[in-house]
Each structure stands twice: as C-alpha cells, then as structure tokens.
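# Topology and contacts: notes
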Amino acid sequence: MTWLFASTVLTLVIGVLAVTLLVDRLVHQQARRDALRLLQANADGLRDALDRGMAQHFAEVRLLSGLQQVAQAPTVADARVALDGFVTSFPQFAWLGLTDASGKVIASANGLLEGVNVSARPWFKGALAGPFVGDVHEAVLLAKLLPAQNEPWRFVDFAFPLKDEQGRIKGVLGAHLSWGWAGQLRQDLSERLAKEAGAEVLVLGSNDIVLLGPTEQQGKKLPPSTDGSLLWATSKSAGHGDFRTLGWQVVVRQPANQALAPYDALHAQTLATAGAVFALLLPMTWWLARRLSRPLVDVKKALSGQAAMPRDDDILYEEARALKQALIEHDERHARQSAALEAMAMSLEKRVDERTRELADINDRLSQSMRDVGRSQERLASILRQSPDAFVCVDAKGLISDWNPAAEALFGWTRDEVRGRLMADILIPAVHRQAHHAGMAAFSKTGEGAIIGKRLELPTLHRDGSVISAELSIGALKAEDGYAAFAFVRDIRERLAAQEEVRISQHRLQQVLGTIPALVGYFDRDARCRYSNELGRKLRGLAPGAEIGLHLREAIGEQNYALHEPHLPKVLTGQRAHFEGSVRQRGQDVHFQVHMVPEKGPSGEVTGFYLMTFDVTALKEAQLQQERARRQLRAITDNLPVMISYIDAEHRLQFLNRTFEQWTGVAVADALGKPMREVIGEQLYEQRREPLAKALEGQRVEFEVVSEALGVRRVLQTAYIPDRPTAEAVVGVYTLTTDVTAMRDAERRMAELALTDTLTGLANRRNFEQWLPLALARAQRAKTATAVMFLDIDHFKRINDTFGHAAGDAVLVTFSQRLAASMRKTDLVARLAGDEFVVVLEGLSDPDVCHLLARKVNEAARQPLRYQDHDLAMTTSIGIAYLPAGVHQTAEAILQDADAALYQTKERGRDGYTTVETGADEAEFSTSSFATL
C-alpha cells in the first residue's frame, strides 16, 4: 500500500503544481500584453497628435505663402502688417519673415532680423528647391531677440519659395514654429500617465536624441533598458497629409513592477489556493490507496501459498476478480496441454515412416530422369553438329567449352584447337576486348547482361585476322562456379552487302526527292501512305517513318483532303489528275499545284499512286500583292487630307486622288489624261508653271501659293518630286499639296495673342519691350523727340480689397479704354502688369505735347465708374520721361526715369503728372524740370 500511496501523492503534487504554474504563466503573459497595449495606445495617440499638428502648421504657412498680401505686397510695410497679423492669430509661430532671392530679410513679424542675411540657414537653402520642413533645433539668431523663458527657445522650421510670373524664385517665406506647442501635448499626456500608471513619455528625434522629456534628458541620447525593469512602447511618426515625417518617435515607458502590480497580487492568491487544495486532497488520497490495494495483497498471499484466495465477492474493482479467475483457468489449461503433447509425439513417429517410403520412390524416378537427360543430351549434340549456324559455348571464366563444325567452317579453328582457350582471344576484335572482359566479369556472377536473350549484329574475327560480320543470339546457363554462356552465330556478310546496295540506291533516290521543291509521296489503293519525302514530313511535323500507314486524310489534313478527294476515283482508274487549290494554314493562305500519277502492276491493274504537290504561294502572292498594293495606294491617297497627283512630261494629269475633286469640284475621271492648264484654269496654272518646269528638269521644288476654287480661299504648300526611273530623263512629277490655311491663321492669331493683354486688349509687356527700342531707333533716324509715360491707378489695391477682384478688373478695363481714347493713333498704349500702364509717344516737337496728353488722361480718369450700385472714384498718377531730339538713351534707362517721375507724382499727392528730361550723362532730377498739375 505504501508505494501506491506514495505514487498517488506524487501524481497529485505534480498535477496541482503544473496547473498552478501554467495558469500563473498565462496570467503573467496576459498582464504584460495588456500593459504594453495600453502604453502603445498612448504612444500612438501622441504620435498622431504631433503629426496632425505639424500638418496643420505646415498648411497654415503654405496658405500664408500664397496670399497676395504677402507674395505680392506692394511695400515692405504692407508685408510686415500681414505677417504681424498672422503671428497674432497664431502665437505658436515665434517668427515669420520674408526674404529676397539673395537671402536678405526684407520684412518680418515685429521687425525681427530685418536686414539680416539668412542665406546660410538650412531653411533658406532648402526652400530654394521647394517647400521645406526642418527638424527641431535651438534658436540661433533669435535667441537674444525673443522674450526670455524657463527653457531655451527651440523651433521647427517651415519655408516656402515665392515665385514671380515667369516662375523664377523672387524670395522665401520662412517660419519658426515654437517647439512649446509639442511640449504642451506631451506634458498633458505625461501628467495623466504618471498619475494613473507611473509612466513616462518622451519624444525622440531621428537620431534617438530626446526632443521632449524630463529636462535632464533633453538633448541626450536615450540609453537602452536591458534589465527588464521597464516596459516600452514606441510609435514612429508617419506624417499626415502633405507633411512628410521627420523621423520622430514617441516612447512611453513604465516600471515593470508598477505595470504588473495586479498580477503580483493574483500570483500570491494562486499559490495560497494551490496549497489549500493540496492539504484537502492528501487524507482522501491515503484512504483511497488502502481501499484499492487490499485485493492485490490477497492475490499475492494466495500465489505464495501464505493463505487461500478469499471466496467472498467483496472486491472493489473488476480487475482483481478477473485475476483470481485467471489463476484457476491456468491450472486447468496446463493439464490439457500435457495430454496434447503426448498425442503429438505418437503422430510424428507415424509421419516419419511415411516420409521414408516416399523418398525411396523419388530416388527411383530420379534415376529414370537421369537416363532421359542423357538421351536428350545426345540428341542436342547431334542437332548442334548438324546446325548451319556456328555454336560456341564458354564457361564462367570465358574459356571455350564447346565448338560445333559450323563454327570450325566459319572461323577457321578446329574444336580441339579452341577448347580451353579464352573466347576473347579467338573471336573478339582487339578494340572490343576490354568491354567484353568487363561485361563477362559481371555476367559470370549474375547471369545477366545487356546482350543476353537478344539478337545482335557484331564483328567477329576469322583465324586469318579478317573481320566477319555476324548475327549472334546469346543465352545464359547456370554452372557450379557461376554462369556459362552460349551463342549461335550466323554469317551475314552477303546479306549486309545486299542491304548496302539497297541503301545506296535508296539514298540516291532520297537525295533526288529531297532536293525537289515539292511534296512527294506514294499511297496504295487504300490511300494509305507508303512513302513521303523529307519536305512532306517536315510540313506535317512528322518524324521519319511516322507517316507510314497514315491515310491520305490523316497525312494531309481534313481541309486539304476535301480538295483531293474528288480526284481519287479518276487516279485509281488509271488516269492522271491535275488541279490547283489553296488552304489556310497558320493564319496564311497557301496556294499549291497538285499532280496525281497512278502506278500500275504487271497486268495493268492500279496498285497505288504518286502524289506531287508544288507550293505556288509566292507566285499567287505576287499577283495578289500587286493588286492589293494598287487598292491600298488608292485607299490611302483618297483618305489623306493632302492632294496627290502625278503629272507627266507633257503636263498631263495621270493620277489624282479624291482630295483633288473635293478642292476643285472637277471629277477625277474627267481630269485624268488631260493637260493641267485645261483642268485647273489659266490663273492657277500660271502659279505652278515655273516650279513645274524646274521639277521636270530634275529639281525637288517646294513652294506656297494662295489659291481660290469653289469660292474657298486656301493657302497651299506644295512639293514637286521628280520621277526619274533611270539616271537620265525625268518622265514625270509627283505632287503633294497640303492645305496650311488653318496653320497660317493660327500662327497669326498666336502672334497677336502673344503681344496683347488678354484683359484690356492693349499691348502687353512683350509688345512694349519690342516697340520701345524700335521707336527710339526711329527717333534717332528722324531727329525727333520721344517720350514714355508711366501710369498707375491710385489706391487700386483698396478697390480690390473693398469690392473684390471683379471690381478691380472692371476698373482696369475702363481705365485702359479711357487711356487709349486720350492718346493719338500713332502712340503705343500698353499694360505692363497689375495697374501699371505705359505709353510711347513718338514724333514730338516739344514737351508741351506730353503735358497736354497727360492732363487729358487725368481728366478722363477722374470720371467715376458705376459698379453694382457704387460709384468708384478713379485717379491716376503719371510719370513722363522726355527724350529730346538727337539725344541717345537706352530703353531700360528711359523706362527707369519714367518710373522715378511716377514716384515723384505720388509723393506730391497723386492725381497728376511729373516730367523729367532723360538722356543726361548722370541720372539726377532737377526740381525745375518737373511740372506737376
């Protein structure tokens, strides 16, 4: 009982301990996963907040870069006002600035860094290539200019290029986003996690440097945790919208003991519960062990003879009852087996006597069989002696043991001369002996070989050394020391010679048939193939011999057979048949010519027929190709938007496409063969007579004429190409005529549009820049004075801002109309850009003409413009650069002087004009030279 109790207790301990440890392990893993999942969710939340915040600020700066108040601010003060307003609305931007193309800050919020060159800063360099976002960095130039705070100023840089109308970079808009907004996001999350779970939140840069975190860790690389005391969750920035990530990552970490505190409490409870369960089950296990072991103790005593097996049925389990019954049955079975063994011994003695008598009878029959074998051997020896084929037998060592008279006659050796000698030395040529020895060595052990049981043709040796071509049939015999071999050998030299003659004849025939460019075959009366040349097999994809026995239908295919079948009765009655046909093969039409010639026997009966098929596809294709080419040429030329014709040396029209009929109204059939002068008329013919004469002399001629037919005016571009079939005379001219009317009209319209302002209809800047140098050159030649007026509309920006761009466009159109109406017809009026206009005045006698025209413009501009129930007041400021006769000045210089005069007018109160005389050696103004209204 002790061992059963101990085993049960041990099993109980192991089971309870295993279940406890398994449950404890699963709970620990789940608790760790839950803690990491919570940390990851918080890390992802802060990452998304950072990405969305950066994307929003990126979009805000991009929107600012596109505002007209910034990108096209009239003055530095206007740009500064716009930047100050933006910083007031978005205080998280510590600095906003606008630079010129060289990197000099020309305007900024609160005037910070104005006049400073920032071309070396990364954000400026990056913006020259496109929108730029810079990683977190400490303030450099602004550190001392911004208000002091507890932590050093740190920024994220945004920069966008500003471009002019030609797409050239004219400046950069830069913004420094205070890193404090990200710190506030991190602080809100960190305080909540520290309070609820004792966790810590950090933001790392792409180089693993701490960007946000405890003050003592910022700017340092975050050390790794390898001792398992901390649980980590990391979330890498992926960007948001147009903002691309800077490689930041959010790290949330928590001490493992705090994260797993609920698990530790549950762990202690699990161990206490396991101990209580074990203490409860221990006494129950002891009682159960005693109850189970009692029947086994009774059986042990009964087997050892210490006590009788109890006869009561008070047995707790069925196994003990079965064991008792088995012991009783064992005694009974032992008695039965003893009786059976005695009976078996008597039976064996009887069978031994019977077997002795059977062996005696077998010996008698064996003796008779030996006598029969002897007689059979004598008959076999007689057969071998009379056999017309040589017979050779060798033992397992390869020594000749038998040799019949036919072998003596064939090989020249007597039986006594070869017995006991190696067959290889007698019959095998020297070149084959090594292979023979190798094969014989394997054969003597196994009785198997590649040539056993087969009929082979092999070379053998005669006694005189000559080679005999022989046919061998080789077999194997089991011997005491291995396997012996025997062979019947037949001389086949005459047969091979006859076969060679046949082969040579067939080869010659094959060469002849193989070179014929036709499919050649022979079919019997049942239309089954008995021969096909190589070309026939190749076209059907058949290996040599595969065509034999194929029916004509199978050999040439169903489609071809349908063409041949009607002619079979004729050829099988002894008549020749000939026909042509075509089939579709591999997507192409194949044309052929067929000859079927009957073969007749000695008595004149038809035994089969020869079939010869010639491929005439090339000939047919050439004929069809010529016709297709003619139709295709006609179809192509009739559908081209080009007039194509052919004129012979006598000026007669020999070819015309349909376009000729469409353009001239003359039917092609009515014009062919007639002189060109008669068909197209004298006027059109005269336009082409001279180029046609040059083309007939061998020159390629291209020209352009304006022709009118059927009331339609066309600009025609024509090429005359000489037709010179030989190196000598030109027999005609090919003509290609294209209608380029639309192209020429489009070129003219494009040229006009390129020099016209689309809104006002006046000349544009390009037109003005081309006109002014030419006007100055004309003035130099004519010795006359010239002037340039530079005008803009006063307070135009206020009109745009108050009433919208539609009102601004209405003002520009009205002003341009009044300006053009006030000028002379010879003056060029142009709009440069925005509300800036210029006028070039030529042929002036004195400056008073300029003053008169300027006053006229001022008066016309002052008339109010009625727009949507509003009267819009308009005035204009004018600057005039007057160039006296005979004085030289560049276009750039006179325009600059006019611009300077315009600003003089604005400084004196606008709504007037100022004149400056240009062309002096030094550009300087004189008060007396100004006349202001």
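Residues numbered from 1 in each chain as written. Predicted model: local features only at pLDDT ≥ 70, side-chain atom pairs only at ≥ 80, totals over all residues. Heavy atoms only, no water.

As named in an unreviewed UniProt entry, the protein chain is Diguanylate cyclase (GGDEF)-like protein/PAS domain S-box-containing protein, taken from Roseateles asaccharophilus.

A few words now on the overall build of the protein chain. In terms of regular secondary structure, the protein chain is built from 28 helices and 31 strands. Counting across all 933 residues of the protein chain, residues that qualify as buried make up 37%. Within the protein chain, contacts between residues at least 6 apart in sequence are counted, and of these 52% link residues at least 24 apart. Carbon together with sulfur atoms contributes 55% to the accessible area of the protein chain, which is approximately 54,200 Å² in total. (Helix = DSSP H or I, 4+ residues; strand = E, 2+ residues; numbered from the N terminus. Buried < 20%, exposed > 50% of the residue type's maximum accessible area, 1.4 Å probe, protein only. Contact = heavy atoms within 4.5 Å. Areas by Shrake-Rupley, 256 points an atom, 1.4 Å probe, with all protein chains shown as cover.)

Another point: the packing of helix 26 (residues 805–822) against helix 27 (residues 848–861). For the pair helix 26 and helix 27, the least separation of the axes is 9 Å and the interaxial angle reads 150°. Every pair of crossing elements has a handedness; the one defined by helix 26 and helix 27 is right-handed. Contacts between helix 26 and helix 27 involve F815, R818, L819, A821 and S822 on the former and, on the latter, L853, K856, V857, A860 and A861. In terms of residue class, the contact of helix 26 with helix 27 is built from seven nonpolar, one polar and two charged. (Axes fitted to C-alpha atoms, helices over the stretch in contact; angles between N-to-C directions. Left-handed = near helix turned anticlockwise from the far one by under 90°. Nonpolar A, V, L, I, M, F, W, Y, C, P; charged D, E, K, R; others polar.)

A few words now on the sheet that holds strand 9 (residues 249–255). Spatially, the four strands line up as an open sheet ordered 7-6-9-8, and their pairing is antiparallel. Of all strands in the sheet, those bounded by a partner on one side alone are strand 7 (210–212) and strand 8 (230–236). Neighbour-to-neighbour, the strand axes of this sheet turn through a mean angle of 35°, independent of strand direction. The pairing of strand 6 (residues 200–204) with strand 7 spans two bridges and is classified as antiparallel. Bridge pairing in strand 7 links L204 to V210. (Pairing = 2+ DSSP bridges.)

Here we come to the pattern of salt bridges. Side-chain pairing between opposite charges can occur once the charged atoms of the two side chains come close. Inspection of the entire model under this criterion finds 28 salt bridges. Of the charged contacts, one joins E114 and R80 as a salt bridge, the two residues approaching to 2.7 Å between their closest N and O atoms. Highlighted residues: E114 in the loop between strand 2 (105–108) and helix 4 (122–127) and R80 in helix 3 (residues 76–89), separated in sequence by 34 residues. Relative accessible area serves as the criterion here: at 27%, E114 is assigned to the partly exposed category. Residue R80 is classed as partly exposed on the basis of its relative accessible area, which comes to 25%. As a salt-bridge pair, R700 and E702 come within 3.3 Å of each other at their nearest N and O atoms. Both residues of the pair, R700 and E702, belong to the exposed class. One continuous salt-bridge network, built from bridges that share partners, spans R455, E457, E471 and R495. (Salt bridge = Lys/Arg side-chain N within 4 Å of Asp/Glu carboxyl O.)

Let us now look at the side chain of S645. As for its placement among the helices and strands, S645 is situated in strand 20 (residues 642–648). A relative accessible area of 7% places S645 in the buried class. A polar side-chain atom of S645 sits 2.3 Å from a polar atom in the side chain of T735. Beyond its immediate stretch of four places on either side in the chain, S645 contacts F655, L656, V733, Y734 and T735. (Polar contact = N/O pair within 3.5 Å; in protein donor to acceptor, adjacent residues only side chain to side chain.)

Turning next to the nonpolar core. In terms of nonpolar packing, the biggest core is built from 46 residues, with M54, L83, V156 and F158 touching the most fellow members. The greatest single-element share of this core, amounting to ten residues, is contributed by helix 1 (residues 2–66). Residue contacts for M54: discarding those within four places in its chain leaves V133, V156, F158, L177, W181, F243, L246 and W248. Core analysis: the second largest hydrophobic core is formed by 32 residues, V811, L812, L819 and L841 among them. (Core = buried A, V, L, I, M, F, W, Y, C linked by side-chain atoms within 4.5 Å.)

Mapped onto the elements of the fold, Q662 is located in helix 19 (residues 658–664). Overall, Q662 belongs to the exposed group, its relative accessible area being 51%. Residues Q662 and L710, 48 residues apart in the sequence, show an inter-C-alpha distance of 9.5 Å.

Take the packing of aromatic side chains next. Scanning the entire structure with this criterion turns up 17 aromatic pairs. Seen in terms of ring centroids, F703 and Y720 are 5.2 Å apart; in terms of plane orientation they differ by 75°. Their pairing is edge-to-face. Of this pair, F703 sits in strand 22 (residues 701–709) while Y720 is found in strand 23 (residues 712–723), placing the two residues 17 residues apart along the sequence. Neither residue differs from the other here; F703 and Y720 are each classed as buried. Chaining the aromatic ring pairs together yields one cluster made of F58, F158 and F160. (Phe/Tyr/Trp six-rings, centres within 6.5 Å; stacked < 30°, edge-to-face > 60°.)

Here five strands make up an open sheet; going across it, the order is 16-15-19-18-17 and the pairing antiparallel. Looking at the sheet topology across the chains shown, the edges are occupied by strand 16 (529–532) and strand 17 (577–585). Recorded for the sheet is a direction-independent mean angle of 25° between the axes of neighbouring strands. With nine bridges joining them, strand 17 and strand 18 (residues 588–600) adopt antiparallel strand pairing. Paired with E580 across the strands is Q593, a residue of strand 18.

The share of residues in the protein chain with pLDDT of 70 or more is 86%, and the mean pLDDT across the chain is 81. Across the protein chain, strand 30 (residues 876–883) holds the top mean pLDDT of 96, while helix 8 (residues 318–386) sits lowest at 66. Considering only residues more than four positions removed or in separate chains, one finds that residues 922–933, a stretch of pLDDT under 50, has 24 contacts. (pLDDT = per-residue confidence, 0-100.)

Most of strand 20 is tucked away, with seven of its seven residues classed as buried. With burial as the criterion, each face of strand 20 is covered, one bearing V642, I644, Y646 and D648 and the other bearing M643, S645 and I647. Where strand 20 lies against strand 24 (residues 732–739), seven bridges are found, and the strand directions are antiparallel. By the bridge assignment, I644 is partnered in strand 24 with L736. Here strand 20 hands over to strand 21 (residues 653–656) after four residues, with H651 in that stretch at a positive phi of 65°.

Along its 18 residues, helix 24 (residues 765–782) runs 25 Å from first to last C-alpha, staying within 8% of the 26 Å computed at 1.5 Å per residue. Among all positions in helix 24, only N767, F768, L772, A775, L776 and A779 are buried. Buried residues belonging to helix 24 abut strand 25 (785–793), strand 26 (828–833), strand 27 (836–844), strand 30 and helix 28 (891–907). The backbone nitrogen of R766 has a side-chain oxygen 3.3 Å away, supplied by the residue at the start of helix 24, namely N764. Looking at the residues trailing helix 24, positive phi occurs at K783, about 60°. (Expected span 1.5 Å × (residues − 1).)

All right, on to the packing of helix 25 (residues 796–803) against helix 26 then. Where helix 25 contacts helix 26, the two axes come as close as 6 Å, and the packing angle between them is 140°. Judged on the interaxial angle alone, helix 26 and helix 25 are oblique. In contact with F796, I799, N800 and F803 of helix 25, helix 26 contributes H805, A807, G808, V811 and L812. Considering only residue class, the contact of helix 25 with helix 26 consists of six nonpolar, three polar and no charged. (Parallel < 35°, antiparallel > 145°, perpendicular 65-115°, else oblique.)

Attention now goes to the pairing of strand 26. In terms of burial, strand 26 is largely enclosed, as five of its six residues are buried. Pairing between strand 26 and strand 27: five bridges, direction antiparallel. Note that in strand 27 the partner of V829 across the bridge is V839. Hairpin geometry of strand 26 and strand 27 is characterised by an intervening segment of two residues between the two adjacent antiparallel strands and by a positive phi of about 55° at G834.

This part is about the environment of G439. Examined against the element boundaries, G439 turns out to sit in helix 12 (residues 430–446). Accessibility expressed as a relative area gives 40% for G439, which makes it partly exposed. Counting along the chain gives ten residues from G439 to G449, while the straight-line C-alpha distance between them is 7.0 Å.

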